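Read off the chains here:
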Amino acid sequence: MCDLCGVSANHRPIDRRGVLKLGAAATAALTTMPPALAATAAAPPKPENVLSPDAALARLMKGNARYVEGVSKRHDFRHEREALSGGQNPFAAVLSCADSRIAPEYCFDTARGDVFVCRVAGNFASDDVIASLEYAVQVLNTPLIMVLGHEACGAVAATIKSIKDGTTLPGHLPALVAALSPAVKAAQDAPGDLLANATNRNVTMNVEKLKTAAPILKSFADDKKIRVVGGVYELRSGQVRLLA
Ligand SMILES: [Zn+2]
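Residues numbered from 1 in each chain as written. Predicted model: local features only at pLDDT ≥ 70, side-chain atom pairs only at ≥ 80, totals over all residues. Heavy atoms only, no water.

1. Some remarks on the coordination of the zinc ion
No. 1: Cys97 (SG), His150 (NE2) and Cys153 (SG) make up the full set of protein donors to the zinc ion, lying at 2.0 to 2.3 Å.
No. 2: Considered as a linear motif, the donors of the zinc ion on their single chain read C-x52-H-x2-C.
No. 3: Its relative accessible area of 1% is what places His150 among the buried residues. (Donors = N, O, S within 2.8 Å, 3.2 Å for Na, K, Ca; no water. Buried < 20%, exposed > 50% of the residue type's maximum accessible area, 1.4 Å probe, protein only.)

2. Description of the side chain of Asp109
No. 1: Considering the arrangement of structural elements, one finds Asp109 in the loop between helix H5 (104-107) and strand S2 (115-119).
No. 2: A distance of 3.0 Å separates a polar atom in the side chain of Asp109 from a polar atom in the side chain of His75.
No. 3: Apart from the residues lying within four places of it in its own chain, the contact partners of Asp109 are Gly63, Arg66, Ser72, Lys73 and His75. (Helix = DSSP H or I, 4+ residues; strand = E, 2+ residues; numbered from the N terminus. Polar contact = N/O pair within 3.5 Å; in protein donor to acceptor, adjacent residues only side chain to side chain. Contact = heavy atoms within 4.5 Å.)

3. Considerations on the packing of aromatic side chains
No. 1: Summed over all chains, the structure comprises two aromatic pairs.
No. 2: Consider the rings of Tyr67 and Tyr233, whose centres lie 6.4 Å apart with planes at 45 degrees: the pair is tilted. Here Tyr67, found in helix H3 (residues 53-69), pairs with Tyr233, found in strand S4 (residues 227-233); they are 166 residues apart in sequence, far enough to count as distant.
No. 3: Judged by its relative accessible area of 3%, Tyr233 falls in the buried class.
No. 4: Here the aromatic rings of Phe116 and Tyr135 are separated by 6.3 Å at their centres, their planes lie at 45 degrees, and the arrangement is tilted. Remark: Tyr135 occurs in helix H6 (residues 127-138) and Phe116 occurs in strand S2; sequence separation between them is 19 residues. Accessibility assignment for this pair places Phe116 and Tyr135 in one class, buried.
No. 5: Taking the ring centre of Phe220 as reference, the NZ or CZ of Lys225 above it sits at 5.7 Å. (Phe/Tyr/Trp six-rings, centres within 6.5 Å; stacked < 30°, edge-to-face > 60°. Lys NZ or Arg CZ within 6 Å of the ring centre and 35° of its normal.)

4. Quick notes on unusual backbone geometry
No. 1: With an omega of 5 degrees, the peptide bond running from Ala214 to Pro215 counts as cis.
No. 2: Within the secondary structure, Pro215 sits in the loop between helix H9 (194-211) and helix H10 (216-222).
No. 3: Even without a glycine there, the phi angle at Ala103 is positive, about 50 degrees.
No. 4: Residue Ala103 is classed as buried on the basis of its relative accessible area of 18%.
No. 5: Of note in this structure, Lys224 is not a glycine but carries a positive phi near 60 degrees.
No. 6: Here Lys224 is to be found in the loop between H10 and S4.
No. 7: For Lys224, a relative accessible area of 69% translates into the label exposed.

5. Some remarks on the sheet that holds strand S1 (residues 92-96)
No. 1: Read across the sheet, five strands follow the order S2-S1-S3-S4-S5 without closing on themselves; strand pairing throughout is mixed. Of all strands in the sheet, those bounded by a partner on one side alone are S2 and strand S5 (240-243). Taken pair by pair, the neighbouring strands of this sheet meet at an average axis angle of 30 degrees, ignoring direction.
No. 2: Pairing of S1 with strand S3 (residues 144-150), which is carried by four bridges, proceeds in the parallel orientation. Note that in S3 the partner of Ser96 across the bridge is Leu148.
No. 3: Strands in contact with H3 are S1, S3, S4 and S5; relative to S3, the strand with the most contacts, it is inclined by about 35 degrees.
No. 4: The strands that H9 touches are S1, S3, S4 and S5; relative to S4, the one it contacts most, it runs at about 165 degrees. (Pairing = 2+ DSSP bridges. Axes fitted to C-alpha atoms, helices over the stretch in contact; angles between N-to-C directions.)

See below:
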């Protein structure tokens, strides 16, 4: 029984320092988290997913290598459904663009229950995304977060054009432009291709944002209980290039 959530859970208990860092509001929110959100099986449904942050990254990249070579595993979805009916313990979380060509589960050759995926055009960390990743880390024990950008990102390209032309896009698109503008502006004077530079910059800025997202993600990152890394997906090869 978890003292924090009040439900049977296998998530890692946060230490006293972590509780102090969480603050009253966050602690209250997690304490009252409904069982439907908080419950995980008493034992992790996928023991092979209990990994260190470094091992999780190595497994993710090995999966990408299989995908690139065209030797992805055959996944037994029927067996997975049964195993996962009582909970989940994904070994990685991915913040990806919504672009239909990316598909993180495919590009890392992972199965159900392996990767906790948040997707939004331009792969940026909104408050909703941060909250989702807090859930993955705090409740599901996920040891790794990857921010995954990609080549030829339409959201980044539209932001560049909007800034260059001084135009306002229709509908809700200005919200995307506002979120991606800091990366575009930061990359504006760098040599080379602006779209590629802004895409990289957007990834590294969001890695930093997640690492410093207090109280939960920052606490786990500072204590080296999770790693937050960035990558860019290459459309032709399918390769994910890690950014420093
Ligand atoms: Zn995109």
